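The primary structure of each chain is shown beneath.
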Amino acid sequence: MEKTLNLTLKVWKQNGPREKGRFETYKVSNISVDSSFLEMMDILNEQLINEGKEPVAFDHDCREGICGMCSLYINGRPHGPDDDITTCQLHMRKFKDGETIIIEPWRSAGFPVIKDLIVDRTAFDKIIAAGGYVSVNTGGVPDANALPIPKPDADEAMDAASCIGCGACVAACKNGSAMLFVSAKVSQLALLPQGRVEAARRAKNMVARMDELGFGNCTNTGACEVECPKGISLSNISRLNREFLTAKIKD
Amino acid sequence: MSSLLCSSIGKKLLMGLSGLFLMIFLLVHLGVNALLLVPDGGELFNAGAHFMATNPAVKIMEPILGLGFLVHIVYGVVLTLQNRKARGSAQYASGKKTKGVTWASQNMLVLGITILAFLVLHIAHFWVKMKVTGSDLLEHVTINIGGVPTEVENAYALVNATFSELWIVLVYVVAGIGLAIHLSHGFWSSFQSIGFSNNLWRKRLTTTGQVYAWFVGLGFALIALLQYLFFQA
């Protein structure tokens, strides 16, 4: 027989960026343990709509852990009580029948709340726009292996590139620092010859933008790495420090 | 250069470099303190203290050391204030349940203030008496340094008398443990901040850091405790 859960949800409700927010308590029943967390949220919203109430606003898109849109702080952890997953990959089997689940938005001065559980993460886009790309002159397709890249470098670059920019690192950080995100974006390109060309400029511009946007300073606590759904390593932050400092000293 | 030191990573560089510098100082300090445990009535310790007081290299390093402390303290406070602002005032109602984050790493300012409070007391006990006001206990004694009879201040008598009081020894033990906890995060963190770390070195640095932190912290505490227990006339 399929197991189901009856749950109490304490959800952050906030009408707008400048409005004062509050917690609302809702009850949901007969939630299948096989459903995902966001499916449970959908059931809640359907229930609210049927009751003529306003549904809870939350970010979501691909629902397969690759777009980085979902962003819920669940029971004390970004993306909830499981490791290396996004909120949309969280299953209800991680919760117990009768449990109270507290659902909050990311909390950081860099990510102001727009509505309910949705926060404004355009700061990340601004950091990317400051240099998180390679200026490519497209020409003919180059021969395979014309540019030899050592396997460890390729692997590390791929690991860094798995960052989906969800912002869980900032949400988990006691300093509201975006260093894990920026370091992943700098690393994925700095490790490869194509990205190496603009590496110094990229590190300087992205860090300058990050500071300007009011993100905090890294104190190496490592909370970001623990909560990152993609397991981005702290070693990227050390690489960013290295890239940034050498670029500045060369000036 | 100014734009470097205004950036977040630049400020962390100063924090890391000053931290590394202070950690080297702690080793030298602990080395001289260890002479307190030689049971020769303080002759070797007095020779060591005399060397530290007269050596030109040490004289040059003294103001630099002061600067190192100042940079570390000022930037520690500035960075923490910025971080609080970046974090924002909204707190998580469900708390922070992230596992695997060390307590030390999240309480570096509190630990630093504890160490600073101790430092004020420590400077009043020794540095002020040795360099400014003087003390009856510091009366000159003659010892043999390499076979040459030399007149030196009896620093050992001052240390020994200070560590005859239980409350002072207890303060030193607490401060030693606080220092160990501070360094248990500070050691690897300073290397990470200056960019000297990767997946392999992180393991090496955190392990070395733990050994270094508890060796230094408990070393200072133990020397004070042993002076109280076994070296009183």
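Bear in mind that the values here come from a model prediction, so they are computed numbers and not experimental data. (Residues numbered from 1 in each chain as written. Chains lettered and ligands numbered in written order. Predicted model: local features only at pLDDT ≥ 70, side-chain atom pairs only at ≥ 80, totals over all residues. Heavy atoms only, no water.)

### Quick word on the sheet that holds strand β3 (residues 73–74) of chain A
Residues and elements named next belong to chain A. The strand order across the open sheet formed by five strands is β2-β1-β5-β3-β4, and the pairing between neighbours is mixed. The open sheet has two edge strands with one neighbour each: β2 (22–32) and β4 (77–78). Strands in contact with helix α1 (residues 37–50) are β1 (4–13), β2, β3 and β5 (100–104); relative to β2, the strand with the most contacts, it is inclined by about 110 degrees. (Pairing = 2+ DSSP bridges. Helix = DSSP H or I, 4+ residues; strand = E, 2+ residues; numbered from the N terminus. Contact = heavy atoms within 4.5 Å. Axes fitted to C-alpha atoms, helices over the stretch in contact; angles between N-to-C directions.)

### Describing the environment of A:Gly216
Considering the arrangement of structural elements, one finds A:Gly216 in the loop between α7 (199–212) and α8 (223–227). Here A:Gly216 falls in the buried class, since its relative accessible area comes to 2%. Here the alpha-carbon distance between A:Gly216 and A:Asn6, two residues 210 residues apart in the chain, equals 40 Å. Not counting the four nearest positions on each side in its chain, A:Gly216 is found in contact with A:Asn175, A:Gly176, A:Ser177, B:Asn83 and B:Ala86. (Buried < 20%, exposed > 50% of the residue type's maximum accessible area, 1.4 Å probe, protein only.)

### What about the interface of chain A and chain B?
With 47 residues of chain A at the contact, the number on the chain B side is 40 residues. Roughly 3400 Å² of surface becomes buried between chain A and chain B when both sides are summed, with 52% attributable to carbon and sulfur atoms. Here chain A is connected to chain B by one salt bridge. Between A:Glu225 and B:Arg202 there is a salt bridge; the shortest N-O distance is 2.8 Å. Here chain A is connected to chain B by 31 residue pairs in polar contact (both at pLDDT 80 or more). A total of nine residues in the side of chain A that touches chain B trace back to one element, the largest contributor, which is helix α9 (residues 235–250) of chain A. Of the residues assigned to the side of chain A that touches chain B, the class counts are 21 nonpolar, 17 polar and nine charged. (Buried area = accessible area lost by both parts, 1.4 Å probe. Salt bridge = Lys/Arg side-chain N within 4 Å of Asp/Glu carboxyl O. Polar contact = N/O pair within 3.5 Å; in protein donor to acceptor, adjacent residues only side chain to side chain. Nonpolar A, V, L, I, M, F, W, Y, C, P; charged D, E, K, R; others polar.)

### Concerning the domain arrangement of chain A
All names here are of chain A. Once the domains are mapped, chain A shows domain 1 (4–104) and domain 2 (122–136 + 146–250). For domain 1 versus domain 2, the separation of C-alpha centres amounts to 30 Å. Residue-level contacts link 12 residues of domain 1 with 12 residues of domain 2. At the boundary of domain 1 with domain 2, total buried surface from both sides reaches about 870 Å², with 50% on carbon and sulfur atoms. The tally of links between domain 1 and domain 2 comes to one salt bridge. (Domains from an automatic or database assignment.)

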